[in-house]
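Residue-level structural notes
As a plain string of letters, each chain reads:
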Amino acid sequence: MPGWRPILPLILLTLGPTLAAAAPTGTVVIAQGVDPTTLDPMNHQETPAGVVARNIFDTLLERDEQLVVRPALAAEMPKLVAPTAWEFKLRSGVRFHNGEPVDAEAVKWSLERLVDPKLKLRGSPPFSPIDRVEVVDPLTVRVHTKAPWPILDTLMSTGQSAILPPKYYREKDAAYLARNPVGSGPFKFVRWVKDDRIELEANEQYWRGAPRVAKVVFRPIPDDAVRVAALQNGEIDVAVNIPPHLATVIANHPKLFLSTAPSVRTIQLLYYTHQYDAQHKLVGPYPGPTADRRVRLAMNYAVDVDDIIRTVLDGKATRVATMLTDKHFGFDPSIKPIKPDPARVKQLLTEAGFPGGLEITLNSPQGRYIRDKEVAEALAGQLTKAGIRTTLRTHEWVHYFGTLGYNHRAAPVWLIGWGTSTYDAEAVYVPLFRSGRFLSNYYNADFEGLIEQAQSTMDARKRAELYQRINRIWVEDAAAMPLYQQQDLYGANRRIQWKARGDELIKGYEMAVREAR
């Protein structure tokens, strides 16, 4: 292998991306647990697809390495020019990979595509308050909302709000666009060999300056042991979801290092309380035992999450009482996690008409989250011991999320992780629990009414009060079984310079290669 690169580019890395001047060099291979379901940034609500897409696309705003929202394609932070209008000023001279200009027309077309009801894009639900986008001049747009909406600015830093080249995306069909993305980001799409690799190459005309890495490759490796072995053998440079019991092995390896971050992601079981049709319209109560609040509560009282954290995750997770971490707006520290209570389980099941227990199916992915299959096995064992005889079904991720999850077919109980870099309760409760959303299998009229109020309340104190009430309803109605906040564990080769982020994004633009591959 060639020797060490000159030290100047590495110094420039620490000074800021706009100073980078050296030509891109080297290849970085990143192993995620699963292949994305799509590379259309607007048509998903999943991190594996988002991680790849954030290397290809830009957004108006973004979070920096300290997770602070900063301007990106926008030249400055937006201004609220009316109760329902946000104004964005764009950078001049930015172009998409195919040469189209990044201008106000592109922003208008992109955001209106995102919320177009005819397209039914899977990333659209969080953005439903958007009404229209107005072009003020070639580099100024105003985003108009149906009502006051307090988190529009933070949502403009999420991957689903990517800005797209209108001509290219108008001329191609959905299936082609899902596999052939074009953005304005630091890397250009090269090829996608399904279930094998996604290849990207440096965009040397990137508006911030060329990346330091010439090529980024994403590989799906679902099996933890295989992924770690590939890292140890030098086949890959970054591995996600290092099993906790192997963290020390990675940390002590002479050619590897461990990078960790407290995740924004929580892991939980979601219940089917109501049934929705293929158009995500409410049909009625789910025709199964989880429609009964007492059954859901019994399941929550049957599980010892602390034991799972200790025995399956080697202590590398934090117990949560809701799906909100202490970084989320709307978090309520007064709500404490439920403690196991076998007597309460038996009482609730008897009251629900199941004195002899019942049978359920638990669905789970394999390879998507840290030790997800093993966590699901432990949950199934604890539930069965408590009289809730549980059959575990594990699924490959694309089928699990793309076919089952998005189409209300993961009944009656399914394991899912949820993390959103908005760090706001709205981005948790709306996509997963509001009626009519792609992933919601829940309905509660009181919950609906309060969420609707919270979405249009600009006063932070009043919003916080509303979310405290929403949290209480969610817990008392056993809308889900909250488990733990994940601690993200990455293994990486010492040939690269890189640090894990708290939002789970892996950005090639933040990497440098010490030794070319």
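Look up a bit, the structure's there.
These figures come from a predicted structure and were not determined experimentally. Residue positions are given per chain, counted from 1 along the sequence in the order it is written. Side-chain atom pairs in this predicted model are given and counted only at pLDDT of 80 or more, local residue features only at pLDDT of at least 70, and totals for whole chains, interfaces and linings cover all residues. With hydrogens and water excluded, all non-hydrogen atoms of the structure serve as input to the side-chain values.

**Focus: the sheet that holds strand β5 (residues 85-89)**
At least two DSSP bridges between two strands are needed for those strands to be called paired. Secondary structure elements are taken from DSSP: a helix is a run of H or I of four residues or more, a strand is a run of E of two residues or more, and numbering for both begins at the N terminus. Judged by pairing direction, the sheet is antiparallel, and its 4 strands sit side by side in the order β4-β5-β7-β6 without closing on themselves. The strands lining the two open edges of the sheet, one partner per strand, are β4 (79-82) and β6 (130-137). On average, adjacent strands in this sheet sit at an angle of 30 degrees to one another, irrespective of strand direction. Sheet analysis places β5 next to strand β7 (residues 140-145), joined by 5 bridges and oriented antiparallel. Within β7, the residue paired with E87 across the bridge is R142. Helix α3 (residues 104-114) contacts β6 and β7 of the sheet and is inclined by roughly 175 degrees relative to β6. Lines fitted to C-alpha atoms define the axes here, with helix axes fitted over just the stretch in contact, and angles between the N-to-C directions of these axes take values from 0 to 180 degrees. The contact criterion used throughout is that any non-hydrogen atoms of two residues lie within 4.5 Å.

**Concerning the packing of helix α14 (residues 426-433) against helix α15 (residues 445-455)**
Contact geometry for α14 and α15: axes closest at 11 Å, N-to-C directions at 135 degrees. On the basis of the axis angle, α14 is oblique to α15. Judged by the twist between their axes, the crossing of α14 over α15 is left-handed. Counted together, E426, Y429, V430 and F433 of α14 and F447, E448, I451 and Q455 of α15 form the full contact between these two elements. Note that the term roughly parallel is reserved for angles under 35 degrees, roughly antiparallel for angles over 145, roughly perpendicular for angles of 65 to 115, and oblique for everything else. Crossing handedness is defined as follows: a turn of the near helix away from the far one that is anticlockwise and smaller than a right angle gives a left-handed crossing, while the clockwise case is right-handed.

**Some thoughts on the pattern of salt bridges**
Think of a salt bridge as a Lys or Arg side-chain nitrogen and an Asp or Glu carboxyl oxygen that are within 4 Å of each other. Summed over the entire model, instances satisfying the criterion amount to 30 salt bridges. Between E112 and K108 there is a salt bridge whose closest N-O contact spans 3.0 Å. Remark: K108 and E112 occur in helix α3; sequence separation between them is 4 residues, near one turn of the helix. To sort residues, take the accessible area from a 1.4 Å probe on protein chains only and compare it with the maximum for the residue type: under 20% means buried, over 50% means exposed, and anything in between is partly exposed. The exposure class assigned to E112 is partly exposed, which follows from its relative accessible area of 27%. Using a relative accessible area of 25% as the deciding quantity, one classes K108 as partly exposed. Within this structure, R191, D196, R197, E199 and K215 form a network of salt bridges that share partners.

**Focus on the packing of aromatic side chains**
A ring pair, where both rings are aromatic, is described by two values, the distance of the centres and the angle of the planes. A pair of aromatic rings is counted whenever rings of Phe, Tyr or Trp (Trp by its six-membered ring) have centres within 6.5 Å, and the orientation is called stacked for planes under 30 degrees apart, edge-to-face for over 60 and tilted otherwise. The final tally for this structure, using the stated rule, is 18 aromatic pairs. Ring plane angle 50 degrees and centroid distance 5.4 Å describe the contact between Y206 and W207, whose orientation is recorded as tilted. On the accessibility criterion, Y206 (5% relative accessible area) is buried. A relative accessible area of 24% means that W207 is categorised as partly exposed. A centroid spacing of 5.3 Å and a plane angle of 70 degrees characterise the contact between Y206 and Y509, whose relative ring orientation is edge-to-face. Taken as a pair, Y206 in the loop between β9 (197-202) and β10 (215-220) and Y509 in the loop between β20 (496-497) and β21 (512-513) lie far apart in primary sequence, 303 residues in all. Placement of a charge over a ring requires the Lys NZ or Arg CZ to be within 6 Å of the ring centre, with the centre-to-atom vector within 35 degrees of the ring normal. Seen from the ring of W192, R179 lies directly overhead, with NZ or CZ sitting 4.8 Å from the centre. Sitting over the face of the ring of W397, R368 holds its NZ or CZ atom 5.6 Å from the ring centroid.

**As for the packing of α15 against helix α16 (residues 460-476)**
In contact at an axis separation of 9 Å, α15 and α16 are set at 160 degrees when each is read in the N-to-C sense. It follows that α15 is roughly antiparallel to α16 by the angle criterion. For the pair α15 and α16, the crossing hand works out as left-handed. Seen from α15, the contacting residues are D446, F447, L450, I451, Q453 and A454; seen from α16, they are R463, L466, Y467, R469, I470, I473 and W474.

**Considering the layout of surface pockets**
Cavities and pockets are defined on a 1 Å grid built over the protein atoms alone: a cavity is a set of grid points where a 1.4 Å probe fits but cannot escape, while a pocket is an open set with protein on both sides within 12 Å along at least five of seven lines, and lining residues are those with an atom within 4 Å of any such point. Grid points are joined across faces, edges and corners, and a volume is the space filled by probe spheres set on the points. Put simply, the second largest pocket is a space of about 470 Å³. Along its surface, the second largest pocket is lined by 17 residues, and P117, S124, P125, S128 and G436 are the ones closest to its centre. As a working rule, the residues Ala, Val, Leu, Ile, Met, Phe, Trp, Tyr, Cys and Pro are called nonpolar, Asp, Glu, Lys and Arg charged, and the rest polar, with Gly in that last group. Residues belonging to the lining of the second largest pocket are distributed by class as follows: 6 nonpolar, 6 polar and 5 charged.

**Comments concerning the side chain of N203**
Its place among the elements puts N203 in the loop between β9 and β10. The buried category is assigned to N203, whose relative accessible area is 4%. Sequence-distant contacts of N203, defined by excluding residues within four places in its chain, comprise H97, S184, G185, P186, F187, K188, A210 and P211.

**So, α16**
The span one expects for a helix is its residue count, reduced by one, times 1.5 Å. Taking 1.5 Å as the rise per residue, α16 with 17 residues should run 24 Å; its terminal C-alpha atoms sit 24 Å apart, in good agreement. If you check which residues of α16 are buried, you get R463, L466, Y467, I470, N471, I473 and W474. Within α16, the buried residues cover an arc of 165 degrees as seen down the axis, which keeps them to one side. Check the buried side of α16 and you find it contacts α14, α15 and β19 (480-493). In protein, a polar contact means a hydrogen-donor-capable atom and an acceptor-capable atom, both N or O and within 3.5 Å, with residues adjacent in sequence counting only if both atoms are side-chain atoms; elsewhere, any N or O pair within 3.5 Å suffices. Capping the start of α16 is the job of one residue whose side-chain oxygen sits 3.0 Å from the backbone nitrogen of R461: D459. Following α16 by one or two positions, A478 has its phi on the positive side, about 50 degrees. The reported arc concerns the directions from the helix axis to the C-beta atoms and nothing else.

**Considering the pairing of strand β14 (residues 282-285)**
As paired strands, strand β13 (residues 274-276) and β14 are joined by 3 bridges and run antiparallel to one another. Following the sheet pairing, Q275 is matched in β14 by G284.

**Looking at helix α12 (residues 372-385)**
Its 14 residues give α12 an end-to-end C-alpha distance of 20 Å, which sits within 8% of 20 Å, the value for a rise of 1.5 Å per residue. Listed as buried for α12 are D372, V375, A376, L379, A380, Q382 and L383. The buried residues of α12 occupy an angular sector of 165 degrees when projected down its axis, which confines them to one face. Taken from the residues just after α12, G387 is the one with a positive phi, measuring 100 degrees.

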